[in-house]
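Tertiary structure, described
These are the residues of each chain, in order.
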Amino acid sequence: MGLAASWICVRPGEIGSVIAALGLEDTGAVQNQQFLERGAYSLAKTPKGWDVLFAEGHDLWLEPPSHPGEMIVAQVEEHVMVSGARLLRDGVEIWSVAH
């Protein structure tokens, strides 16, 4: 089957608006799992401070939430061998790459 996931990266402190736009709520629960269950969401922070919303089995690539500022959206669909990333600034696509 393979991995089917997408994720959104935003500057520090901006993830709350993304979560709200998706109709989600941060529960604050901490889980130390290597892999998420299908349909799950997870939050993380990169070493450079970017906030990441990871979605296993959800497609954030086609219709990312509205967000003021910069947002990197990426996806991987292993079962059809597709991956891609794009940068949106104030909802406008600045660049994208797909394979």
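This report concerns the structure included in the present document. (Residues numbered from 1 in each chain as written. Predicted model: local features only at pLDDT ≥ 70, side-chain atom pairs only at ≥ 80, totals over all residues. Heavy atoms only, no water.)

Mapped onto the elements, Ala 40 comes out in the loop between α1 (15-21) and β2 (41-45). When the C-alpha atoms of Ala 40 and His 67 are compared, they prove to be 21 Å apart, with 27 residues separating the residues in sequence. Ignoring sequence-local partners within four residues, the contact set of Ala 40 consists of Phe 54, Ala 55, Glu 56 and His 58. (Helix = DSSP H or I, 4+ residues; strand = E, 2+ residues; numbered from the N terminus. Contact = heavy atoms within 4.5 Å.)

With that out of the way, let us pick up the nonpolar core. Counting residues in hydrophobic clusters, the biggest one holds 12 residues: Ile 8, Val 10, Ile 15, Val 18, Ile 19, Leu 53, Ala 55, Leu 60, Trp 61, Met 71, Val 73 and Leu 88. For this core, the elements supplying multiple residues, two or more each, are β1 (4-10), α1, β3 (51-56) and β4 (70-77). Other than its neighbours up to four places away in sequence, Ile 19 contacts Leu 24, Glu 25, Asp 26 and Leu 43. (Core = buried A, V, L, I, M, F, W, Y, C linked by side-chain atoms within 4.5 Å. Buried < 20%, exposed > 50% of the residue type's maximum accessible area, 1.4 Å probe, protein only.)

Before going further, it helps to spend a moment on the pairing of β1. A regular strand carries its side chains on alternate faces of the sheet. Taking burial as the measure, the 7 residues of β1 include 6 buried ones, the bulk of the element. Of the strand pairs in this sheet, β1 and β4 are connected by 7 bridges, and their pairing is antiparallel. If you follow Ser 6 over to β4, its bridge partner there is Gln 75. Pairing of β1 with β3 involves 6 bridges; the strand directions are antiparallel. (Pairing = 2+ DSSP bridges.)

Moving on, we come to the side chain of Glu 70. Tracing the sequence through the fold places Glu 70 in strand β4. Residue class for Glu 70 comes out buried when judged on its relative accessible area of 17%. Within the structure, the side chain of Glu 70 is placed 2.7 Å from the side chain of Arg 89, a separation counted as a polar contact. Beyond its immediate sequence surroundings of up to four residues, Glu 70 is in contact with Cys 9, Val 10, Arg 11, Glu 14, Trp 50, Leu 87, Leu 88 and Arg 89. (Polar contact = N/O pair within 3.5 Å; in protein donor to acceptor, adjacent residues only side chain to side chain.)

For the rest of this paragraph, the subject is the environment of Ala 55. Along the chain, Ala 55 falls in strand β3. Sequence separation between Ala 55 and Ala 40 is 15 residues, and the spatial gap between their C-alpha atoms is 6.1 Å. Setting aside chain neighbours within four positions, we find Ala 55 in contact with Ala 4, Ala 5, Ser 6, Ala 40, Tyr 41 and Leu 60.

Glancing now at the side chain of Arg 86. If you trace the backbone, Arg 86 turns up in strand β5 (residues 82-89). Only 3.1 Å separates the side chain of Arg 86 from the side chain of Glu 93, close enough to count as a polar contact. When residues no more than four places from it in sequence are discounted, the contact partners of Arg 86 are Trp 61, Leu 62, Pro 64, Met 71, Ile 72, Val 73, Glu 93, Trp 95 and Ser 96.

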